[in-house]
Amino acid sequence: MTVNLEVADGVGTIRLDRPPMNALDIATQDRLRELAEEATRRDDVRAVVIWGGEKVFAAGADIKEMQVMDHAAMVVRSKALQDSFTAVARIPKPVVAAITGYALGGGCELALCADFRIAADNAKLGQPEILLGLIPGAGGTQRLARLVGPSKAKDLIFTGRQVKADEALTLGLVDRVVPAAEVHEQAHAWAARLAAGPALALRAAKESVDAGLETDIDTGLTIERNWFAGLFATEDRETGMRSFVEEGPGKAKFR
């Protein structure tokens, strides 16, 4: 398999495994969607890490595969391509991308689907599609602009240039830069910490932020209000408040 799902300590690791560069061909895209949907369904997966291995996250789409496709073929395929990445973005649990080496084109777009991005100090990110006479097609024009702002997104998309980890951090494209040998460990630790938290509240927080960004503030506040009130029907809310009153903050043990 070109993508695998491994679960430990409540953390599901979606591991890209298509050497040497984890090129995202059609089979890999479809498998990615399947495993994102599986991680969404499974109760033993409470947080997710996306990981390409020690050398590379993902260097982009399989250009040789795309080269032979005509307009009609891509009209059909482009929706499935976007759906694969959207399935990752819509996992209703905390998701962290552990980025080593190259995260270019589709690889960068995959990282954008995560809630948090930890990059190796040797990482390089970018959207080089313009150099092929194309634009990003797996969400890059939309998620990148929402993350770093339209001006910075246009700089990266218009030029196709690659940015090193330190510039990516400055741009807000990644959230933390660590030594390459520590990327997976730190990503897993971050995910494991959240996996021990209240699952429904985390889901509510993620959906409120993500859905709220796509609408006006009044609608966003309605989404937040409905989730906030709804959480008062959960066992986790009872556990958290009881623990706070009896033991102080930060000591609740959620199921």
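It should be noted that the structure appears before, not after, this text.
Residues numbered from 1 in each chain as written. Predicted model: local features only at pLDDT ≥ 70, side-chain atom pairs only at ≥ 80, totals over all residues. Heavy atoms only, no water.

As for the state of the cysteines
Part 1 of the reasoning: In this structure the tally under the stated criterion is 0 disulfides.
Part 2 of the reasoning: The thiol sulfur of C113 is not disulfide-bonded, and the nearest other cysteine sulfur, from C108, lies at 10 Å.
Part 3 of the reasoning: Judged by relative accessible area, which is 4%, C113 ranks as buried. (Disulfide = S-S within 2.5 Å. Buried < 20%, exposed > 50% of the residue type's maximum accessible area, 1.4 Å probe, protein only.)

Some words on the sheet that holds strand β5 (residues 102-104)
Sheet strands pair via backbone hydrogen bonds, and the direction of the pair is either parallel or antiparallel.
Part 1 of the reasoning: Strand order in the open sheet made by the 3 strands is β5-β7-β8, with mixed pairing throughout. In the strand order of this sheet, the two ends are held by β5 and β8 (162-164), each with one partner. Taking the axes of each pair of neighbouring strands and ignoring which way they run, one obtains an average angle of 20° across the sheet.
Part 2 of the reasoning: With 3 bridges joining them, strand β7 (residues 124-126) and β8 adopt antiparallel strand pairing. Note on β8: the bridge partner recorded for L125 is V163. (Pairing = 2+ DSSP bridges. Helix = DSSP H or I, 4+ residues; strand = E, 2+ residues; numbered from the N terminus. Axes fitted to C-alpha atoms, helices over the stretch in contact; angles between N-to-C directions.)

A few points about helix α9 (residues 199-213)
Part 1 of the reasoning: With 15 residues, α9 ought to run about 21 Å at 1.5 Å a step, and its terminal C-alpha atoms sit 21 Å apart, in line with that.
Part 2 of the reasoning: In this fold, the buried residues of α9 make contact with α3 (71-89), β4 (95-99) and α10 (217-230). (Expected span 1.5 Å × (residues − 1). Contact = heavy atoms within 4.5 Å.)

Observations concerning the environment of R41
Part 1 of the reasoning: When you line up the elements, R41 lands in helix α1 (residues 26-41).
Part 2 of the reasoning: R41 gets classed as exposed once you look at its relative accessible area, which sits at 59%.

Thoughts on the nonpolar core
Part 1 of the reasoning: Membership of the largest hydrophobic core comes to 45 residues, with the highest contact counts inside it found for F57, I99, L125 and L173.
Part 2 of the reasoning: Ranked by size, the runner-up nonpolar core spans 15 residues in total, among them V11, F116, I118 and V183. (Core = buried A, V, L, I, M, F, W, Y, C linked by side-chain atoms within 4.5 Å.)

Looking at the environment of S208
Part 1 of the reasoning: Looking at the secondary structure, you find S208 in helix α9.
Part 2 of the reasoning: Along the backbone, S208 and E6 are 202 residues apart, and their C-alpha atoms lie at a distance of 28 Å.
Part 3 of the reasoning: Excluding residues within four positions of it along the chain, S208 makes contact with I223, E224 and W227.

Focus: the sheet that holds strand β1 (residues 3-8)
Part 1 of the reasoning: The mixed open sheet is built from 6 strands, whose spatial order is β1-β2-β3-β4-β6-β9. What marks the edges here is a single partner per strand, and that holds for β1 and β9 (176-178). On average, each strand axis in the sheet is inclined to that of its neighbour by 20°, with strand direction left out of account.
Part 2 of the reasoning: As paired strands, strand β2 (residues 11-16) and strand β3 (residues 47-51) are joined by 5 bridges and run parallel to one another. Of the residues in β3, the one forming a bridge with R15 is W51.
Part 3 of the reasoning: Along the sheet face, α1 touches β1, β2 and β3 and points at about 25° away from the line of β1.

Quick notes on the pattern of salt bridges
Part 1 of the reasoning: Tallied over the full model, the rule gives 15 salt bridges.
Part 2 of the reasoning: A salt bridge links D30 to R33; the nearest nitrogen and oxygen atoms lie 3.5 Å apart. Of this pair, D30 and R33 both sit in helix α1, separated by 3 residues, roughly a single helical turn.
Part 3 of the reasoning: Judged by its relative accessible area of 24%, R33 falls in the partly exposed class. (Salt bridge = Lys/Arg side-chain N within 4 Å of Asp/Glu carboxyl O.)

Considering the side chain of T100
Part 1 of the reasoning: Turning to its location among the elements, T100 is positioned in the loop between β4 and β5.
Part 2 of the reasoning: Not counting the four nearest positions on each side in its chain, T100 is found in contact with W51, G53, E54, K55, V56, F57, A120, N122, A180 and V183.

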